[in-house]
Amino acid sequence: MALLREQILALSTTNVDSLIIGETGSGKEVVARAIHDFSQRKEKPFVAINCAAIPADIIESELFGHEQGAFTGATKKRIGKLEYAAGGTVFLDEIDSMPLDLQAKILRAIEQRTIEPLGSNKSVNLDVTFIASTKEDLETLSNNQEFRMDLYYRLNVIRFNIPPLRERTEDIPLLFFHLSRIARSKYRRDIPEISPNLVDQLCRYPWPGNVRELRNYADRFVLGMWNGFIETREESQSVT
């Protein structure tokens, strides 16, 4: 994590596009926001786009925008998220979930820094930095023709690998206390005593949900719902 922090700071004066790799809940968006916040673009928009959450039939309009009358229901012109991020950073979260046909258009936007809104014949210049994230191995997906190889190579100039929480157990007590302080402010409750036994339980648990799961336990702890027992990995996965 210290190396990751150094890498983020080293990029603070550049506008290079990058790829963040990490398991679900490991903090990919936190890293993306840190890259933006330490960059020269920090005063401009940070636009996060969850590629897996936007329905396939509207994702192109969401990203590139559209002109009035471009399709049924397009009653007025709409600026897309890429154009809205002018001067700032676009975070393409879970880019591995993006449809293949749209990947070609994103590749063009990244390479040429221009887009064409739906229904328009005029190009719009882009002044943004692209950051993409994935929980999957894009090289493997590319070899299986499930992800565009050219887009993978275009994004893989600078890559940040976020280790899962189980591989950095020394961070768990500090993170738990930090998240407990956030929960204290959110719920207006005092933080109960964090005993050595509790710390031991936290460090022995494999955390399949990573920091997101740890945050949930911190909330339970501050709310007084801690029962002194952490489920096994199998039980936790069955709940999620």
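Visitor: What am I meant to see in the overall build of the chain here?
Guide: Looking only at helices and strands, the chain has 11 helices and nine strands in total. Expressed as lengths along the three principal axes of its C-alpha atoms, the size of the chain is roughly 65 × 35 × 35 Å. In the chain, which comprises 240 residues, the share counted as buried stands at 42%. Per element, the accessible surface of the chain, about 13,300 Å² overall, is 49% carbon and sulfur. Averaged over its 30 positive side-chain charges, the chain has a centre that lies 6 Å from the centre of its 34 negative ones.

Visitor: Sorry if this is basic, but what is going on with the packing of aromatic side chains here?
Guide: Two aromatic rings, taken as a pair, are described by how far apart their centres are and by the angle between their planes. On inspection of all chains with the given rule, the structure shows six aromatic pairs. Ring centres 4.6 Å apart and planes at 90° place the aromatic pair Y205 and W207 in the edge-to-face group. The exposure class assigned to Y205 is buried, which follows from its relative accessible area of 6%. Residue W207 is classed as buried on the basis of its relative accessible area of 0%.

Visitor: Is there a simple way to explain the layout of surface pockets in this structure?
Guide: Its volume calculated, the largest pocket comes out at about 900 Å³. Considering the residues around the largest pocket, the lining is formed by 31 residues, among which S26, G27, K28, V30 and V31 are closest to the centre. Broken down by secondary-structure element, the contributors of at least two residues to the lining of the largest pocket are α1 (2-10), α2 (28-37), α8 (172-187) and α10 (210-222). Taken together, the residues of the lining of the largest pocket break down into 14 nonpolar, six polar and 11 charged.

Visitor: I'm lost on the nonpolar core in this one. Help?
Guide: General note: in soluble globular proteins, nonpolar side chains tend to be found buried as a group. Ranked by internal contacts, the top residues of the largest apolar core, which has 32 residues, are L63, L82, L92, I95 and I106. When contributions to this core are tallied by element, the ones reaching two or more residues are β1 (18-21), β2 (46-50), α3 (59-64), β5 (89-93), α5 (100-112), β8 (129-134), α6 (138-143) and α7 (149-155). Counting residues per element, this core draws most heavily on α5, which supplies five residues. Ignoring any residue separated from it by four or fewer positions in sequence, one finds I95 in contact with C51, A132, S133, L138, F147, L151 and L155. By size, the runner-up hydrophobic cluster in this structure holds 15 residues, among which are L165, I172, Y205 and F221.

Conventions we followed
Residues numbered from 1 in each chain as written. Predicted model: local features only at pLDDT ≥ 70, side-chain atom pairs only at ≥ 80, totals over all residues. Heavy atoms only, no water. Helix = DSSP H or I, 4+ residues; strand = E, 2+ residues; numbered from the N terminus. Buried < 20%, exposed > 50% of the residue type's maximum accessible area, 1.4 Å probe, protein only. Areas by Shrake-Rupley, 256 points an atom, 1.4 Å probe, with all protein chains shown as cover. Lys, Arg positive; Asp, Glu negative; His and termini not counted. Charge placed at Lys NZ, Arg CZ, Asp CG, Glu CD. Phe/Tyr/Trp six-rings, centres within 6.5 Å; stacked < 30°, edge-to-face > 60°. 1 Å grid on protein atoms, 1.4 Å probe; cavity = no way out; pocket = protein on both sides within 12 Å on 5 of 7 lines; lining within 4 Å. Points joined across faces, edges and corners; volume = space filled by probe spheres on them. Nonpolar A, V, L, I, M, F, W, Y, C, P; charged D, E, K, R; others polar. Core = buried A, V, L, I, M, F, W, Y, C linked by side-chain atoms within 4.5 Å. Contact = heavy atoms within 4.5 Å.

Interpretation in functional terms is not warranted from these geometric data alone.
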